[in-house]
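# Overview (structure and organization)
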Amino acid sequence: MNRKAIYTEYLERFKKDLITNYDKLGLRASGKFAESLEYKLQGNKLQMFGSHHSLYMENGRGAGGFPPLRAIEEWIEVKQGLPAIFVEKKKQFAFIIARKIANEGIKVPNKYNEGKVISDVVTLYMGEYLYKMLDDIGEEYMREVDFVSDFKNILQAA
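All of these numbers come straight from a predicted model, not from anything done at the bench.

Right, let's get into the packing of helix α4 (residues 69-78) against helix α6 (residues 90-104). Between α4 and α6, the shortest axis-to-axis distance is 9 Å and the interhelical angle comes to 120°. The angle between α4 and α6 falls in the class oblique. Two packed elements cross with a definite hand, and for α4 against α6 that hand is right-handed. Residue-level contacts link Leu69, Ile72, Glu73, Trp75, Ile76 and Glu77 of α4 to Lys90, Lys91, Phe93, Ala94, Phe95, Ile97, Ala98 and Ile101 of α6. Residues that form the contact of α4 with α6 fall into these classes: 10 nonpolar, no polar and 4 charged.

Two side chains that carry opposite charge are able to pair once their charged atoms sit near each other. Tallied over the entire structure, the rule returns 10 salt bridges. Between glutamate 74 and arginine 70 there is a salt bridge, and its shortest N-O distance comes to 3.7 Å. Here arginine 70 and glutamate 74 lie together in helix α4, a separation of 4 residues that amounts to about one turn. Bridged by salt links that share partners, the residues Lys32, Arg70, Glu73, Glu74, Glu77, Lys90 and Lys91 form one connected network.

Here strand β1 (residues 38-42) pairs with strand β2 (residues 45-49) via 5 bridges, running antiparallel. Of the residues in β2, the one forming a bridge with tyrosine 39 is methionine 48. As consecutive antiparallel partners, β1 and β2 are separated by 2 residues, and within that stretch glycine 43 has a phi angle of approximately 65°, a positive value.

Before going further, it helps to spend a moment on the environment of tyrosine 125. Mapping tyrosine 125 onto the fold places it in helix α7 (residues 119-144). By relative accessible area, which is 8% here, tyrosine 125 ends up buried. Measuring from C-alpha to C-alpha, the distance between tyrosine 125 and aspartate 17 comes to 9.8 Å, with 108 residues separating the pair along the chain. Apart from residues no more than four positions distant in its own chain, tyrosine 125 is found in contact with Tyr10, Arg13, Phe14, Asp17 and Leu130.

So, about α4. Each full turn of the α-helix corresponds to 3.6 residues, which orients residues three or four apart in the same direction. Within α4 the residues assigned to the buried category are Ile72, Glu73 and Ile76. Axial view of α4: buried residues confined to an arc of 100°, hence all on one face. Packed against the buried residues of α4 are α5 (84-88) and α6.

Next up on the list: the environment of phenylalanine 86. With respect to the element layout, phenylalanine 86 can be found in helix α5. For the pair phenylalanine 86 and isoleucine 76, spaced 10 residues apart in the sequence, the C-alpha separation amounts to 6.8 Å.

Aromatic ring pairs are described here by two measures, namely the spacing of the ring centres and the angle between the planes. The tally for this structure, following the rule as stated, stands at 5 aromatic pairs. Between phenylalanine 66 and phenylalanine 95, the aromatic rings sit 5.5 Å apart at their centres with planes inclined by 40°, giving tilted as the arrangement. With a gap of 29 residues between them, phenylalanine 66 in the loop between α3 (54-59) and α4 and phenylalanine 95 in helix α6 connect regions that are remote in the sequence. Exposure remark for phenylalanine 66: the relative accessible area of 42% places this residue in the partly exposed category. With centroids separated by 4.1 Å and ring planes inclined at 20°, the aromatic side chains of phenylalanine 86 and phenylalanine 93 adopt a geometry described as stacked. The class of phenylalanine 86 is buried, set by a relative accessible area of 18%. If you follow arginine 13 out to its NZ or CZ, it ends over the ring of tyrosine 10, 5.0 Å from the centre. The lysine or arginine in question, arginine 61, covers the ring of tyrosine 56, its NZ or CZ lying 5.9 Å from the ring centre.

How each quantity is defined
- Residues numbered from 1 in each chain as written.
- Predicted model: local features only at pLDDT ≥ 70, side-chain atom pairs only at ≥ 80, totals over all residues.
- Heavy atoms only, no water.
- Axes fitted to C-alpha atoms, helices over the stretch in contact; angles between N-to-C directions.
- Helix = DSSP H or I, 4+ residues; strand = E, 2+ residues; numbered from the N terminus.
- Parallel < 35°, antiparallel > 145°, perpendicular 65-115°, else oblique.
- Left-handed = near helix turned anticlockwise from the far one by under 90°.
- Contact = heavy atoms within 4.5 Å.
- Nonpolar A, V, L, I, M, F, W, Y, C, P; charged D, E, K, R; others polar.
- Salt bridge = Lys/Arg side-chain N within 4 Å of Asp/Glu carboxyl O.
- Pairing = 2+ DSSP bridges.
- Buried < 20%, exposed > 50% of the residue type's maximum accessible area, 1.4 Å probe, protein only.
- Arc of directions from axis to C-beta.
- Phe/Tyr/Trp six-rings, centres within 6.5 Å; stacked < 30°, edge-to-face > 60°.
- Lys NZ or Arg CZ within 6 Å of the ring centre and 35° of its normal.

In structure tokens, the structure reads:
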């Protein structure tokens, strides 16, 4: 397996684990977080991208500024367990929710979001999987290098 394949394997696992944690914490409504996750490889640089609201799921949101009403309306449409009146009067409830967010922000952790949807997975990868990935890359590097020929050339040059 080459280096790019190793990186891709670990990034796919990272993406899958982010989605698993998102679902485990009960944060899935529209599924846009999971759908938005994508990664990019540029040489030895690995990047993971997600939707803008990922920041709010992880850290909450301060008061000030009205959140987008359309996004809240979409959330009302897909969120399981809301009373039927929310869907029936979606625009009114979206406005009430947006006003509350603008006035008070969203604190994380809270009773609906214990937080760490992203940071728990990052911690796992930095503490465990990064070392495994480096081992895999090291093994690949060792297969690329012909130590016997290099050692023989060193001895002949001496």
